[in-house]
Amino acid sequence: DAGVTQSPTHLIKTRGQQVTLRCSPKSGHDTVSWYQQALGQGPQFIFQYYEEEERQRGNFPDRFSGHQFPNYSSELNVNALLLGDSALYLCASSLALGDEQYFGPGTRLTVT
Amino acid sequence: GNSVTQMEGPVTLSEEAFLTINCTYTATGYPSLFWYVQYPGEGLQLLLKATKADDKGSNKGFEATYRKETTSFHLEKGSVQVSDSAVYFCARRRDTDKLIFGTGTRLQVFP
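Residues numbered from 1 in each chain as written. Chains lettered and ligands numbered in written order. Predicted model: local features only at pLDDT ≥ 70, side-chain atom pairs only at ≥ 80, totals over all residues. Heavy atoms only, no water.

Looking at where B:Gln38 falls in the secondary structure, it is placed in strand S5 (residues 32-38). The exposure class assigned to B:Gln38 is buried, which follows from its relative accessible area of 10%. Separated by 48 residues in the primary sequence, B:Gln38 and B:Ala86 place their C-alpha atoms 5.8 Å from one another. Residues in contact with B:Gln38, not counting those within four places in the same chain, are A:Gln37, A:Leu88, B:Gly43, B:Leu44, B:Ala86, B:Val87 and B:Phe89. Only 3.1 Å separates the side chain of B:Gln38 from the backbone oxygen of B:Glu42, close enough to count as a polar contact. (Helix = DSSP H or I, 4+ residues; strand = E, 2+ residues; numbered from the N terminus. Buried < 20%, exposed > 50% of the residue type's maximum accessible area, 1.4 Å probe, protein only. Contact = heavy atoms within 4.5 Å. Polar contact = N/O pair within 3.5 Å; in protein donor to acceptor, adjacent residues only side chain to side chain.)

Here is the structure:
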């Protein structure tokens, strides 16, 4: 049984560009959350998707957007990249709202 | 505000030493509390959790007790191993399912 998978593993982008990160939840899970982990910091909640809708959102600007597909996989999009967006982006899935979250290995984004 | 505070690292120990990593939280109500571990190059793994006051979470020799009176959830292990070297994150969650993490504590265990 595959756990949470994310792609790509690493990504290098230039300031001002746009990026899309992908996440496949653990089998049977329908809820996906995204977190940003800056170097040396704890993960910060970006948003959560359930039933293809954004259910909660953290303190991130509108440049950060997402989507959930009918198969429960999810994308995180970041527009107009800034140097400060360089971080490890973690996806977590759960069986339902309020259930234990399982994390993927993350996508390391570097903005130059 | 609502936050989680952990002791700063790195914590450096010899194998078989006793480990304590302090964690305190501020929150309204009674959040669920968690310890996650992050090994080098990997994502987060849930280590243990407690959902109400006086609950003790335990896993792989690690323990933490939910102390409402001191708003704490300190992580302990009686005898650490080199393989325990990782970054440990304390986190809390209220009804809304959003996890709030501390800044993490790096543990380095030497043989």
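Moving on, there is more to tell.
Residue and element names in this part refer to chain B. One open sheet accounts for 4 strands, arranged S3-S9-S8-S7; its pairing is antiparallel. Among the strands making up the open sheet, the edge pair consists of strand S3 (19-21) and strand S7 (56-59). Geometrically, the sheet is characterised by an average inter-axis angle of 15° between neighbouring strands, direction not taken into account. Pairing of strand S8 (residues 62-65) with strand S9 (residues 75-77), which is carried by 3 bridges, proceeds in the antiparallel orientation. From the neighbouring strand, Phe-62 faces S9, where its bridge partner is Lys-77. (Pairing = 2+ DSSP bridges. Axes fitted to C-alpha atoms, helices over the stretch in contact; angles between N-to-C directions.)

Moving on, we come to the nonpolar core. All names here are of chain B. In terms of nonpolar packing, the biggest core is built from 25 residues, with Leu-19, Trp-35, Leu-48, Phe-73, Leu-75 and Tyr-88 touching the most fellow members. Only strand S2 (11-14), S3, strand S4 (23-26), S5, strand S6 (44-50), S8, strand S10 (86-93) and strand S12 (105-110) provide two or more residues apiece to this core. Dropping the residues within four chain positions of it, Tyr-88 is found in contact with Gln-6, Ile-21, Trp-35, Tyr-36, Val-37, Leu-47, Phe-62, Leu-75, Gly-104, Thr-105 and Leu-107. (Core = buried A, V, L, I, M, F, W, Y, C linked by side-chain atoms within 4.5 Å.)

Mapped onto the secondary structure, B:Thr65 falls in strand S8. Ignoring sequence-local partners within four residues, the contact set of B:Thr65 consists of B:Asp54, B:Asp55, B:Lys56, B:Ser72, B:Phe73 and B:His74.

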